[in-house]
Amino acid sequence: MGFKYWLHPKTNARSRTWKLSSRIVMSMLGATCKIFTDFLSNFNVHNKEVFIAAMDRRKPGQALITVGNHHSCLDDPLMWGVLRWDHIFNTTGIRWALAADNMCFSNKWNSLFFSVGQGIPIIRGQGVFQKGMDYAVEQLNLGHWVHVFPEGQVNMTHEFMRLKWGVGRLIADCKITPIVLPMWHIGMESLLPNRHPYIPRIGKRITWVIGEPMELHDILQGLRNARKNPMEIRKHLTDLIEDQFRILKAITEKLHYGTNSSEG
């Protein structure tokens, strides 16, 4: 089964109307999220300066891939409300995000909103070489920022999940090895519970830990020099991210709960 609605124009063929629509949607969405994170919730971000540096001080043409756990439908875009106002209104530098085709692109109007909102539809089960993944690689090779939830779904149980190898493909297929920035959060599901009615709640405590940038150029070169095949490379890169997730999960739980293990 293919995409019911694929509305993204070719990258070099976006009309002025499309660009203006995207700028309006991204700015309004970003401003709403910033108001919510700054004034309507208790958002605690650790190592934010690492994130800002990864956005502001990359090499020319170098992309940024952020990877995080997925506990709520509001994880993206709400998390990006912690950015500065100049980031939020710099819509050419704000994130692209992989999004579930069956959830976000189920009808024409949703598809239009999420497309101009820089969401890229992904069909579960169609593997790492589907059209949406190709489009994400294209954005990365233009030096853009792409956010990925490598669990591949909203994790209702919060148990640690094996990650999908698609993120490994995104890294491996970049012309310039991207910066990969792992992150972990706790509490987003209390802000927007994963049940009806889907109404955001104010005053909720969120803990978000930004990890250290993963510079993977030398690792990639080593894998290629060792003549590893593309599947082995994708798996190895994904496993490295999974290792960082385990570390960040433990740190975030300790900061949020004051213990070494999660509660609830």
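A brief structural summary. As the structure is a prediction and not an experimental result, all values here were calculated from the model.

1. Focus: the packing of aromatic side chains
Step number 1: If you walk through the whole model with that rule in mind, you get 14 aromatic pairs.
Step number 2: For the pair Trp85 and Phe89, a centre-to-centre distance of 5.7 Å together with 15 degrees between the ring planes defines the contact as stacked. Taken together, the positions of Trp85 and Phe89, both in helix α4 (residues 85-89) and 4 residues apart, correspond to about one turn of that helix.
Step number 3: Joined through ring pairs, the aromatic side chains of Phe43, Phe51, Trp80, Trp145 and Trp208 make up one cluster.

2. Here we look at a nonpolar patch on the surface
Step number 1: Taken together, the side chains of Ile35, Phe39, Leu40, Trp85, Phe89 and Ile202 present a nonpolar region at the surface, about 640 Å² in accessible area.
Step number 2: With respect to the helices, strands and loops of the structure, Ile202 is situated in the loop between α9 (188-191) and β7 (205-210).

3. What to know about the environment of Ile186
Step number 1: With respect to the secondary-structure elements, Ile186 resides in strand β6 (residues 179-186).
Step number 2: Once residues lying within four places of it in the same chain are set aside, the contact partners of Ile186 are Arg205, Ile206, Thr207, Thr252, Glu253, His256 and Tyr257.

4. Things to note about the pattern of salt bridges
Step number 1: For the structure shown, the criterion picks out 11 salt bridges.
Step number 2: Between Arg162 and Asp239 there is a salt bridge whose closest N-O contact spans 3.5 Å. Linking Arg162 in the loop between β5 (145-148) and α8 (166-172) with Asp239 in helix α11 (residues 230-257), this pair joins segments that are 77 residues apart in sequence.
Step number 3: Accessibility expressed as a relative area gives 51% for Arg162, which makes it exposed.
Step number 4: Asp173 is the salt-bridge partner of Arg169, the closest N and O atoms lying 2.8 Å from each other.
Step number 5: A relative accessible area of 33% means that Asp173 is categorised as partly exposed.

5. Some details on the nonpolar core
A general trend in soluble globular proteins is that nonpolar side chains are found buried together.
Step number 1: Formed by 34 residues in total, the largest nonpolar core has its most connected members in Ile65, Leu170, Ile171 and Ile241.
Step number 2: Residues Trp145, Met188, Trp208 and Ile210 belong to the second largest nonpolar core, which totals 26 residues.

6. Side note on helix α7 (residues 131-140)
Step number 1: For α7, the tally of buried residues reaches 7 of 10 residues, placing the bulk of the element in the interior.
Step number 2: Within α7, burial applies to Gly132, Met133, Tyr135, Ala136, Val137, Gln139 and Leu140.
Step number 3: Among the structural elements, β2 (64-68), β3 (96-100), β4 (119-122), β5 and α8 are those in contact with the buried residues of α7.

The rules behind these values
Residues numbered from 1 in each chain as written. Predicted model: local features only at pLDDT ≥ 70, side-chain atom pairs only at ≥ 80, totals over all residues. Heavy atoms only, no water. Phe/Tyr/Trp six-rings, centres within 6.5 Å; stacked < 30°, edge-to-face > 60°. Helix = DSSP H or I, 4+ residues; strand = E, 2+ residues; numbered from the N terminus. Patch = residues over 30% accessible without salt bridge, like charges linked within 9 Å, V, L, I, M, F, W, Y side chains within 5 Å. Areas by Shrake-Rupley, 256 points an atom, 1.4 Å probe, with all protein chains shown as cover. Salt bridge = Lys/Arg side-chain N within 4 Å of Asp/Glu carboxyl O. Contact = heavy atoms within 4.5 Å. Buried < 20%, exposed > 50% of the residue type's maximum accessible area, 1.4 Å probe, protein only. Core = buried A, V, L, I, M, F, W, Y, C linked by side-chain atoms within 4.5 Å.

Function-wise, these values are silent; they only describe arrangement.
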